[in-house]
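Given next are the chains, with one letter for each unit.
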Amino acid sequence: MASPAVVRTILRTPAALRPLLLRAPRAAYHEQHHDQATPYGDAERTILSHALAYVPAHGFTQEAITFGAKDAGYLDVSRNLFPKGTFDLVMYHLVTQRQGLKDRIQFPDETMGVGKKVRSLVIERLRANADAGVVWRWQEALGVMSLAENIPASLRELGLLSDEMWFLAGDTSVDGSWYTKRASLSGIYAATEVFQTTDQSTEFKDTEQFLDRRLEELRVTGSAVGNTMQWMGFQGGALMNMLRSKGVRI
Amino acid sequence: MASIASRTALAGPALPLKARITPLAFQLQARSRKSNGAKRTLASSAATPQDEAPPEHDSRPKKVLTKAQKQFLDSALRVNQAGELAATLIYTSQNPPIIKAHPHLRPLMKHMYDQEAGHFKTFNGLLAKHRIRPTAMYPVWYAASSLLGWSTGVMGREAAMACTEAVETEIGDHYNSQVRELLVWKKEAKDKGETLGPELEALLVDIRRIRDEELEHLDHAVEQDAKEANPYELLTGVIRAGCRGAIWVNTLWFLAAMHP
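Owing to the predicted nature of the structure, the values given are computational and were not obtained by experimental measurement. (Residues numbered from 1 in each chain as written. Chains lettered and ligands numbered in written order. Predicted model: local features only at pLDDT ≥ 70, side-chain atom pairs only at ≥ 80, totals over all residues. Heavy atoms only, no water.)

Q: Give me the overall build of chain B: which residues, what numbers.
A: When helices and strands are tallied, chain B shows 9 helices and 0 strands. Expressed as a percentage of its 260 residues, the buried residues of chain B come to 40%. Long-range contacts, defined here as pairs at least 24 residues apart, represent 82% of the contacts in chain B between residues at least 6 apart. Counting every atom, chain B has about 14,400 Å² of accessible surface; 63% of that belongs to carbon and sulfur. (Helix = DSSP H or I, 4+ residues; strand = E, 2+ residues; numbered from the N terminus. Buried < 20%, exposed > 50% of the residue type's maximum accessible area, 1.4 Å probe, protein only. Contact = heavy atoms within 4.5 Å. Areas by Shrake-Rupley, 256 points an atom, 1.4 Å probe, with all protein chains shown as cover.)

Q: Which residues make up the overall build of chain A, and what are the values?
A: Within chain A, the secondary structure is distributed over 9 helices and 0 strands. Element order for chain A, N to C, with α for helix and β for strand: α-α-α-α-α-α-α-α-α. Residues classed as buried in chain A amount to 40% of the 250 residues present.

Q: Describe the environment of B:T22, naming the residues involved and giving the relevant values.
A: Residue and element names in this part refer to chain B. Structurally, T22 is set in the loop between helix 1 (2–10) and helix 2 (23–35). On the basis of relative accessible area, T22 is assigned to the partly exposed category, the value being 35%. Expressed as a C-alpha distance, the spacing of T22 and A117, which sit 95 residues apart in the sequence, is 41 Å.

Q: Break down the side chain of B:Q69 for me, citing the residues and quoting the values.
A: Here B:Q69 is to be found in helix 4 (residues 67–101). Among all residues touching B:Q69, those that are not within four sequence positions of it are B:K63, B:V64, B:W185 and B:E188.

Q: Give me a nonpolar patch on the surface: which residues, what numbers.
A: On the surface, a cluster of nonpolar side chains totalling about 460 Å² of accessible area is made up of A:V225, A:M229, A:W231 and A:M232. The topology assignment puts A:V225 in helix 9 (residues 205–245). (Patch = residues over 30% accessible without salt bridge, like charges linked within 9 Å, V, L, I, M, F, W, Y side chains within 5 Å. Salt bridge = Lys/Arg side-chain N within 4 Å of Asp/Glu carboxyl O.)

Q: Help me get a handle on the interface of chain A and chain B, residues and values and all.
A: The interface is formed by 21 residues belonging to chain A together with 28 residues belonging to chain B. Between chain A and chain B, a total of about 2,300 Å² is buried, with carbon and sulfur atoms accounting for 58% of that surface. Inspection of the chain A/chain B interface yields 2 salt bridges. The salt bridge partner of A:D163 is B:R131, with a shortest N-O separation of 3.4 Å. Applying the counting criterion to the chain A and chain B interface returns 7 residue pairs in polar contact (both at pLDDT 80 or more). At 4 residues, the largest contribution of residues to the side of chain A that touches chain B is made by helix 7 (residues 151–168) of chain A. Of the residues that constitute the side of chain A that touches chain B, the class distribution is 9 nonpolar, 5 polar and 7 charged. (Buried area = accessible area lost by both parts, 1.4 Å probe. Polar contact = N/O pair within 3.5 Å; in protein donor to acceptor, adjacent residues only side chain to side chain. Nonpolar A, V, L, I, M, F, W, Y, C, P; charged D, E, K, R; others polar.)

Q: Hey, could you go over unusual backbone geometry for me, with residue numbers and the actual values?
A: Despite not being glycine, A:F204 has its phi angle at roughly 55°, a positive value. With respect to the helices and strands, A:F204 occurs in the loop between helix 8 (177–196) and helix 9. Even without glycine at this site, B:R131 takes up a positive phi of about 55°. Overall, B:R131 belongs to the buried group, its relative accessible area being 14%.

Q: How would you sum up the nonpolar core? Please name residues and give values.
A: Ranked by internal contacts, the top residues of the largest apolar core, which has 30 residues, are B:L73, B:L77, B:V167, B:L182, B:L200, B:L203 and B:I239. Every element with two or more residues in this core is listed here: helix 4, helix 5 (106–129), helix 7 (157–192), helix 8 (198–223) and helix 9 (232–249) of chain B. Residue contributions to this core peak at 10 residues, all from helix 7 of chain B. The residues touching B:L203, leaving out its near neighbours within four places in the chain, are B:L73, B:L77, B:L126 and B:L182. Listed in part, the 29 residues of the second largest apolar core include A:Y40, A:A51, A:A64 and A:L94. (Core = buried A, V, L, I, M, F, W, Y, C linked by side-chain atoms within 4.5 Å.)

Q: Give me the lowdown on the packing of aromatic side chains, citing residues and values where you can.
A: Residue and element names in this part refer to chain A. In the structure shown here, the tally under the stated rule is 7 aromatic pairs over all chains. Aromatic pair W178 and Y179: ring centres 5.0 Å apart, planes at 65°, arrangement edge-to-face. Taking relative accessible area as the criterion, W178 reaches 11% and is therefore assigned buried. By relative accessible area, which is 25% here, Y179 ends up partly exposed. Across the ring face of W166, the terminal group of K181 is positioned such that the distance to the ring centre comes to 5.5 Å. (Phe/Tyr/Trp six-rings, centres within 6.5 Å; stacked < 30°, edge-to-face > 60°. Lys NZ or Arg CZ within 6 Å of the ring centre and 35° of its normal.)

See the structure below:
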């Protein structure tokens, strides 16, 4: 695992080029579990997974990465594999939790509605944060994610999580609502995650109620907009038909 | 038989005389020839018999697509879905004025609409199954194609058919280029000793079938006096340019082809 040749290769490559040492992911056409190829090589994955175990005690810091590298049998200096520092650790947690979501929760009950499934998925993902022990350190992670150079990657990851949740809930719409659904769920998930970092209730009951209120707001707004658009469509169609019945050639 | 042969020989035929047989004889020959596994001699992007019958057990490994190829497929299916959305909306909004003025066209319009709706359903299913993002300009295409359908419908039967003709010409070219690309991949895979895999083979069959149905609509439109439309050159020119522009917009990375 910690062969001298591997470490020498890592140390000899300039920091900026170390990502090129990673194996490029390859996948057949759109298998059902697409995007399973993580952008992490074996060394990175080992170090980061060990480092996550140190996060509850040390937070999302370079210390955690250093302890993780030592735990995995690498040298301290292996933390140079991660040019973005703690953000790499945060992203590793986000990516592995997103990809693990489908293994954590299944829906054997076919009668469950899409809305209920989305609620279960959000709660499960938040519980995963708790199970990994990172909830009380998550504000540090949010801080790191909000740095200017990290914002695009963070938003992209949030979008991918939202897409994953809608897919696992069984949503198959591919019209304009594809975008509105993902945007709204991203917002709700982000707000609920922030709320969870200050939630002291047992089993995060307050967080669940917060989520329920947000989902209810979304439902009410969505149906209000939808009904208004439908009413406008009916009015327009009725006007056209009335004019046609009067003989106007439209 | 001999007199027919001599008459046609005077007209300067390109085929040898022994090809001048009655239709029945031709059919019988063709059927016996098929059992010998004769190859087609014309090169075309239409399906060959070998393509239509998938091998029972293909032990060759499945070709692994490169990132660029996956992005091409994503983008192609996205554009196709947008195109079929536009087609269904054009027919929906053309229908009321056309049917009012020409009630006998109801079955034809219904037939063409049903085929377009089937295409739309196919591409919707493919996008949902492979988790491909639909085009971000969905509402824009919704409004634009409804407007196009309604305005050509109001202009009259010939104009509506000219619109169909123009759109179907561009769509036919578009699908042809996609089939060509997939066939290039197929050849590359075959050279390496791999196969495209059942999904891509099915996609190839689907796109060919859809292209053939679109060209059938083109033929119907021309039959219905599309060429008699009054500002024919202007109308078809504008619509064809609009279609090409729409397809081009859908390939812009920041609008619709952007990888999510």
